Amino acid sequence: MSENKEAGTAGRVWMSIGFIFAFAAGAYAEYLGFFTFVKENPEEIWELFLDHCQLVGIASSIAILIGVPMGIFLTRGFMRRYRDMILNILGICQTVPSIAVIAIAMTYVGIGKTPAIIALVIYGLLPIIRNTVAGLANVSSVLLDAGSGMGMTPGQLLFRVEIPNAMYIILTGIRTSVVIGVGTAALSFLVGGGGMGDLIFTGIALVDPGYMMAGAVPTAGLAVFLNWIFGCIEKWIVSPGLVYE
Amino acid sequence: MIELERVTKIYPGSEVPAVDSVNLNIAEGDICILIGSSGCGKTTLMRMMNRLEPITSGFIRIGGESIMDKDVTALRRSIGYAIQQIGLFPHMTVYDNIATVPHLLGWDKKRIDERVDELLNMVQLPPDIFRFRYPRELSGGQAQRIGVTRAMATDPPVMLMDEPFGAIDPINREVLQDEFLKIQEKLKKTIVFVTHDIHEAIKMGDKIALLDAGQLVQYGTPEELLTQPKNRFVKDFVGADRALKRLNLLKVRDAMLTNPTHCHGEDPSETILEHMIENELSYLLVADREDNLKGYVNLEELQGHHGNVRDVVRPMTLTVKPEQNLKDALSKMLSYDLGIVVAMDDDGKIAGVLNSRTLVSVVGETYDERGGHWGRITTKGRII
């Protein structure tokens, strides 16, 4: 009980510190002209925000739809021996700066949303594949032995034993990928893909902090929000029998 | 029920067979123990029976049907499978774990519910408490029970068990073994049971198959292995204390002296005292008219006592049951420093008396080597 109380007190202390900082940040933002700008152009910001969400949503969905099956595929039978090689290649790809990936995508498909989405997908794949592979490889061989010994087919083993047990790690990968995606999507403005990058880069070019922050603050908020959402999804999907401390 | 014919397993890239031309015939309702040191091929042999390991050559038939003719998943679903590491699915509740195979077979929910409750009751884990627990909320012993229960879920006639009690502390293991034997007595399943523990083998097995380097060295009842070891290897494996291990197999009933001398509570003390002095007895059992055990009287207390024996009778602090095994009885005798212990049946009647001398002679009957060990445990025999 006393521990709980202490934790509660600590929580309240941090909360108040957080509020003070938020208030200070808000005051500073107002000083820079952030709120004035938002009040004057709500529609434009909202449109760009939706644009941004759309970019992230499409790219992440594609990345998940490709990445998870790919990760599963890499842990099946004969592919296992290529697993490390492929993960290494993907690791190297990840070291290429995101802006370079976007630039390369543009040289192939021109400007607009397409190169942005392609770049975001490529960039978001690695954490998903890597965590899917790691999660599945992490499932104890004892469980697989017990499962197949009781007469599960490989498919049943995958869906009833392997994926549920790897779910937490897979979801962590997806979460990382999406949150990185939110940040990277700001760059898509550079190839005419729209999104909050429009406000940020224009703000920088005009040396108008208010303009710039109108793009940066919602982007950061979106990342934090999505991170939280995924935390909730994790709690909801991952079996309570699996506890990760 | 299970027939193995020249079953051989050679792992790819290996010269030496892991299992070498094993012939084995396991009768229905028997527990057959596969035993041997690690790497002897016992687990491999067991895993071939549900085709978790492909068979290099030879035949395995279960219930007269070759296992190669059956669909592999259907075969595995029809055989109970329990392993040492238990392998409960951590993301599933106890209920879902037990229901694994019933689910695979498509049982309806009501039938599964009933079956899960029945099984949980059987292993004395109240369903209302345990049904929706997760494996991480179970103790080792509880998890092991669930593991065995899961293997029994569809009531398969054949079960394969790979050291199912291996990961449990000795005290709990004993409890689980007894529990399991009690269940087996009712269910009469054909069980292939892998272990490396000779004590467990002797206790659990109807038949024991001793393997060495992939070959079957001796196959027989525990009694046969202990009393007629085929060769040096078997002798060494079952251990120098074979005679002691035999105590596990024998019941108190086999060694006790029946109808021991006793007196009745109503007998006058003087007569009994006289009788005891005459026969050089230091104490005597006391029973009532129906042979129910009342206790004992000793010589000193009878001396100078007038009246009935029942006034000086002392209660028996320790008795054994005729169905108990001799090892438990002996260990009780040793730990309480008794030279004699009374066997009392369930109704409280005197069934017989066990003393260390008769115990030794019963155990030694088939023990062909000099009984050097026995000097140590023979306490001062106080024989009636």
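Residues numbered from 1 in each chain as written. Chains lettered and ligands numbered in written order. Predicted model: local features only at pLDDT ≥ 70, side-chain atom pairs only at ≥ 80, totals over all residues.

## Some points on the overall build of chain A
Put simply, the test is: Strands are runs of DSSP state E lasting at least two residues, helices are runs of H or I lasting at least four, and both sets are numbered from the N terminus onward. Residues with at least 20 other C-beta atoms within 10 Å of their own are called buried, those with 12 or fewer are called exposed, and the rest are partly exposed. The C-beta atoms themselves are positioned from the backbone. Here contacts are defined at the residue level, using C-beta atoms placed from the backbone and a cut-off of 7 Å between them.
In terms of regular secondary structure, chain A is built from 10 helices and 0 strands. Seen in sequence order, chain A has helices and strands lined up from the N terminus as α-α-α-α-α-α-α-α-α-α. Within chain A, the proportion of its 245 residues that are buried is 38%. Summarising the internal contacts of chain A: among those between residues at least 6 apart in sequence, 73% fall at separations of at least 24.

## Focus on the overall build of chain B
For chain B, the helix and strand inventory stands at 18 helices and 17 strands. Projecting the C-alpha coordinates of chain B onto the three principal axes gives extents of approximately 85 × 55 × 35 Å. Considering chain B as a whole, with its 384 residues, one finds that 39% of them fall into the buried category. Summarising the internal contacts of chain B: among those between residues at least 6 apart in sequence, 64% fall at separations of at least 24.

## Here's the deal with the interface of chain B and chain A
Rules: Each residue gets one label: Ala, Val, Leu, Ile, Met, Phe, Trp, Tyr, Cys and Pro are nonpolar, Asp, Glu, Lys and Arg are charged, and the others, such as Gly, are polar.
Contacts between chain B and chain A engage 20 residues on the former and 19 residues on the latter. Listing elements by their share of the side of chain B that touches chain A, those giving two or more residues are α2 (72-77), β6 (79-83) and α4 (100-104) of chain B. In terms of residue class, the side of chain B that touches chain A is built from 10 nonpolar, 7 polar and 3 charged.

## Things to note about the sheet that holds strand β10 (residues 215-220) of chain B
Residue and element names in this part refer to chain B. Heads up, the condition is: Here the rule is simple: two strands pair whenever DSSP picks up at least two bridges between them. Helix axes are fitted only over the stretch in contact, all axes being lines through C-alpha atoms; the angle between N-to-C directions runs from 0 to 180 degrees.
One open sheet holds the 6 strands; their spatial order is β6-β7-β8-β3-β9-β10, and the pairing between them is mixed. In the strand order of this sheet, the two ends are held by β6 and β10, each with one partner. Between one strand axis and the next, the sheet turns through 15° on average, direction left out of account. Bridge analysis of strand β7 (residues 158-162) against strand β8 (residues 190-195) gives 5 bridges, and the strand direction is parallel.

## Some details on unusual backbone geometry
Backbone geometry places V207(A), a non-glycine residue, at a positive phi of 50°. On the basis of neighbour counts, which here come to 8 C-beta atoms within 10 Å, the residue V207(A) falls in the exposed class. At Q124(B), a position not held by glycine, the phi torsion is positive, near 60°. Relative to the helices and strands, Q124(B) resides in the loop between α5 (109-122) and α6 (127-130). Looking at Q124(B), the number of C-beta atoms within 10 Å reads 9, which means it is exposed.

## Quick word on the packing of helix α5 (residues 98-109) of chain A against helix α6 (residues 113-138) of chain A
All names here are of chain A. To be explicit about the condition: For classification purposes, an angle smaller than 35 degrees is called roughly parallel, one larger than 145 roughly antiparallel, one from 65 to 115 roughly perpendicular, and anything else oblique. Handedness of a helix crossing follows the sense of rotation of the near helix relative to the far helix, less than a right angle counterclockwise being left-handed and clockwise being right-handed.
The N-to-C vectors of α5 and α6 enclose an angle of 135°; their axes lie 8 Å apart at closest approach. For the element pair α5 / α6, the angle class is oblique. Crossing of α5 over α6 shows right-handed handedness. Where α5 abuts α6, its residues S98, V101, I102, A105, M106 and V109 lie against T114, P115, A116, I118, A119, I122 and Y123. Grouping the constituent residues of the contact of α5 with α6 by class yields 11 nonpolar, 2 polar and no charged.

## Some words on the sheet that holds strand β11 (residues 257-258) of chain B
Residue and element names in this part refer to chain B. Taken together, the 4 strands give an open sheet; going across it, the order is β11-β17-β16-β15, and neighbouring strands pair in mixed fashion. Because the sheet does not close on itself, it has two edges, and the strands there are β11 and β15 (319-320). Here helix α16 (residues 326-335) sits on the sheet and contacts β15, β16 (340-344) and β17 (350-355); the angle it forms with β16, its principal contact strand, is near 135°.

## A look at helix α7 (residues 141-149) of chain A
The complete set of buried residues in α7(A) reads L143(A), A146(A), G147(A), S148(A) and G149(A). In the core, the buried residues of α7(A) are packed alongside α8 (154-184) of chain A together with α2 and β6 of chain B. The first or second residue beyond α7(A) is G151(A), which carries a positive phi of 95°.

## A word on the domain arrangement of chain A
What counts, and what does not: Throughout, the edges of the domains are those of an automatic or database domain assignment.
Annotation of chain A at the domain level lists domain 1 (1-32) and domain 2 (41-237). When each unit is reduced to the centre of its C-alpha atoms, the spacing between domain 1 of chain A and domain 2 of chain A is 31 Å.

## With respect to the pairing of strand β4 (residues 57-62) of chain B
Residue and element names in this part refer to chain B. Pairing between strand β1 (residues 2-9) and β4: 5 bridges, direction antiparallel. Each residue of the ladder has a partner; that of E3, found in β4, is R61. Across 2 bridges, the pairing between β4 and strand β5 (residues 65-66) is antiparallel. By the bridge assignment, R61 is partnered in β5 with S66. Between the end of β4 and the start of β5, which pair antiparallel, lie 2 residues, with G63 showing a positive phi angle near 60°.

## Regarding the pairing of strand β3 (residues 31-35) of chain B
Residues and elements named next belong to chain B. Most of β3 is tucked away: 5 of the 5 residues are buried. Note that β3 and β8 share 5 bridges and pair parallel. Within the sheet, the bridge partner assigned to C32 lies in β8 and is V192. Pairing of β3 with strand β9 (residues 207-212), which is carried by 4 bridges, proceeds in the parallel orientation. Note on β9: the bridge partner recorded for L34 is A209.

## A few points about the packing of α7(A) against α8(A)
Residues and elements named next belong to chain A. Running from N to C, α7 and α8 cross one another at 160°; their axes reach a closest spacing of 10 Å. The angle between α7 and α8 falls in the class roughly antiparallel. Helix-helix and strand crossings are classified by hand; for α7 and α8 the assignment is right-handed. The segment α7 lies against α8, with L143, L144, G147 and S148 engaging L157, V161 and N165. Its residues assigned to classes, the contact of α7 with α8 comprises 4 nonpolar, 3 polar and no charged.

## Re the nonpolar core
Soluble globular proteins tend to bury their nonpolar side chains together. Note the threshold: Here, a nonpolar core means buried Ala, Val, Leu, Ile, Met, Phe, Trp, Tyr and Cys residues linked by C-beta atoms lying within 7 Å of one another.
With 121 residues, the main nonpolar core has I33(B), L34(B) and V192(B) as its most contacted residues. Per-element tally for this core: the top contributor is α6(A), with 14 residues. When sequence neighbours within four positions are dropped, the list of residues in contact with I33(B) reads F193(B), T195(B), A201(B), M204(B), G205(B), I208(B) and A209(B).

## Looking at the environment of A153(B)
Residue and element names in this part refer to chain B. Looking at where A153 falls in the secondary structure, it is placed in the loop between α7 (140-151) and β7. Separated by 82 residues in sequence, A153 and K235 have C-alpha atoms that sit 39 Å apart. If sequence neighbours within four positions are ignored, A153 has contacts with I98, A99, V101, P102, R115 and L119.

## Some thoughts on the confidence of the model for chain B
Residues and elements named next belong to chain B. Let me state the cut-off plainly: pLDDT is a per-residue confidence score from the predictor, ranging from 0 to 100.
Averaged over all residues, the pLDDT of chain B is 82; the fraction at 70 or higher stands at 93%. Element-level mean pLDDT values for chain B span from 35 in helix α18 (residues 374-377) up to 93 in helix α3 (residues 94-98). In the predicted structure, residues 366-384 sits below a pLDDT of 50 and forms 26 contacts with residues beyond four places in sequence or in another chain. Among the prediction metrics, the complex's ipTM stands at 0.77, with pTM recorded as 0.74.

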